[in-house]
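# Reading the structure
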Amino acid sequence: MRRSGSSNTKLDSGAYSRYAGPVTVTRTNGHCIDLGGGEDIGGLWAGRSVEGVHCG
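Residues numbered from 1 in each chain as written. Predicted model: local features only at pLDDT ≥ 70, side-chain atom pairs only at ≥ 80, totals over all residues. Heavy atoms only, no water.

If you trace the 3 strands from one edge of the open sheet to the other, you get S1-S2-S3, paired in antiparallel fashion. Two strands in the sheet have a free side with no partner beyond their single neighbour: strand S1 (2–3) and strand S3 (44–53). When strand S2 (residues 33–41) meets S3, the two strands line up antiparallel, connected through 8 bridges. Counterpart to Glu-39 in the pairing with S3 is Ala-46. (Pairing = 2+ DSSP bridges. Helix = DSSP H or I, 4+ residues; strand = E, 2+ residues; numbered from the N terminus.)

When you line up the elements, Arg-3 lands in strand S1. For Arg-3, a relative accessible area of 29% puts it in the partly exposed group. Considering only alpha carbons, one finds Arg-3 and Glu-51, 48 residues apart in sequence, at a separation of 9.3 Å. Excluding its chain neighbours within four sequence positions, the residues that come into contact with Arg-3 are Val-25, Arg-27, Thr-28, His-31, Cys-32 and Ile-33. (Buried < 20%, exposed > 50% of the residue type's maximum accessible area, 1.4 Å probe, protein only. Contact = heavy atoms within 4.5 Å.)

Just distances and angles here, no functional claims.
Written as structure tokens, this is what we have:
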């Protein structure tokens, strides 16, 4: 996750069997954020990313 237009990406990566907790990005007032996520299920990767959401 990152503020749109920024190269400073916040990650919460690793092999988790449960909820890994939140990832936060600060100083987003007046900006949009980009986010993405994915999952590896036995070698099959499924992921999604969206850009320019939750603007304000």
